[in-house]
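Listed below are the residues making up each chain.
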Amino acid sequence: MTIRFSVGDRVHISPDFFWAKGATGIISNPPPEVTSLSGVWDNGNLTHQEHSALGEATVYWVWFDEPQRDADGDGPYRGGSIWESALTLVSRTSN
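Residues numbered from 1 in each chain as written. Predicted model: local features only at pLDDT ≥ 70, side-chain atom pairs only at ≥ 80, totals over all residues. Heavy atoms only, no water.

Trainee: Explain the overall build of the chain to me, and be specific about the residues and the numbers.
Mentor: Along the chain, the regular secondary structure elements total 2 helices and 6 strands. Beginning at the N terminus, the succession of helices and strands in the chain can be written as β-β-α-α-β-β-β-β. Relative to a compact globule of 95 residues, whose C-alpha radius of gyration would be 12 Å, the chain shows 12 Å and is just as compact. For the chain, the C-alpha atoms occupy an extent of roughly 35 × 30 × 25 Å along the three principal directions. Evaluated residue by residue, the chain yields a buried proportion of 35% over its 95 residues. Nonlocal contacts in the chain, meaning residues at least 24 apart in sequence, comprise 54% of its contacts between residues at least 6 apart. Distance from the positive charge centre (6 side chains) to the negative charge centre (12 side chains) of the chain: 7 Å. (Helix = DSSP H or I, 4+ residues; strand = E, 2+ residues; numbered from the N terminus. Rg over C-alpha atoms; globule rule 2.2 N^0.38 Å. Buried < 20%, exposed > 50% of the residue type's maximum accessible area, 1.4 Å probe, protein only. Contact = heavy atoms within 4.5 Å. Lys, Arg positive; Asp, Glu negative; His and termini not counted. Charge placed at Lys NZ, Arg CZ, Asp CG, Glu CD.)

In structure tokens, the structure reads:
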């Protein structure tokens with residue numbers, strides 16, 4: 001599997017995604033509270049395969065620049081798992 005993003009990359013979430021529409025943020029490893037529920041993430045704790053009624057998707061954890069509400073209006077949340085297909089690179093972190 002090809003990794004599209006790295007920790008620290010700045011991303012934009014598609015305005016067509018089902019939540020956090022048009023938000024910006026930073027790719028990060030998920031917090032321990034998330035991995036305690038989901039299990040260990042792949043690729044150095046960077047990606048996870050999400051299975052839902054919407055299908056299967058590779059997700060990244062994103063810390064939002066501004067807290068976001070989910071599709072049901074719950075929140076606001078400071079971060080969340082966002083489908084790779086909904087992410088566009090704004091700027092790459094320098095290593």
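Having put the structure on the table, let's press on.
Trainee: Break down the pattern of salt bridges for me, with residues and values.
Mentor: For the structure on display, the rule yields 2 salt bridges. Among the ionic pairs, Asp9 bridges to Arg92, the shortest N-O distance being 2.6 Å. With Asp9 in the segment before strand E1 (10-13) and Arg92 in the segment after strand E6 (87-91), this pair connects stretches of sequence that are 83 residues apart. Between Asp65 and Arg10 there is a salt bridge, and its shortest N-O distance comes to 2.7 Å. Linking Asp65 in strand E4 (residues 55-68) with Arg10 in strand E1, this pair joins segments that are 55 residues apart in sequence. With a relative accessible area of 37%, Asp65 lands in the partly exposed category. Residue class for Arg10 comes out partly exposed when judged on its relative accessible area of 26%. (Salt bridge = Lys/Arg side-chain N within 4 Å of Asp/Glu carboxyl O.)

Trainee: Provide a residue-level description of the packing of aromatic side chains, including the pertinent values.
Mentor: Enumeration according to the criterion identifies 7 aromatic pairs in this entry. Consider the rings of Phe5 and Tyr60, whose centres lie 5.2 Å apart with planes at 85 degrees: the pair is edge-to-face. Taken together, the positions of Phe5 in the segment before E1 and Tyr60 in strand E4 put the pair 55 residues apart, joining distant regions of the chain. The exposure class of Tyr60 is buried, given its relative accessible area of 0%. A centroid spacing of 6.3 Å and a plane angle of 85 degrees characterise the contact between Trp19 and Tyr77, whose relative ring orientation is edge-to-face. One end of the pair, Trp19, is in the loop between E1 and strand E2 (24-28); the other, Tyr77, is in strand E5 (residues 77-83), and 58 residues separate them in sequence. By relative accessible area, which is 34% here, Tyr77 ends up partly exposed. Ring-pair connections join several aromatic residues into one group, and the members of that group are Phe17, Phe18 and Trp83. (Phe/Tyr/Trp six-rings, centres within 6.5 Å; stacked < 30°, edge-to-face > 60°.)

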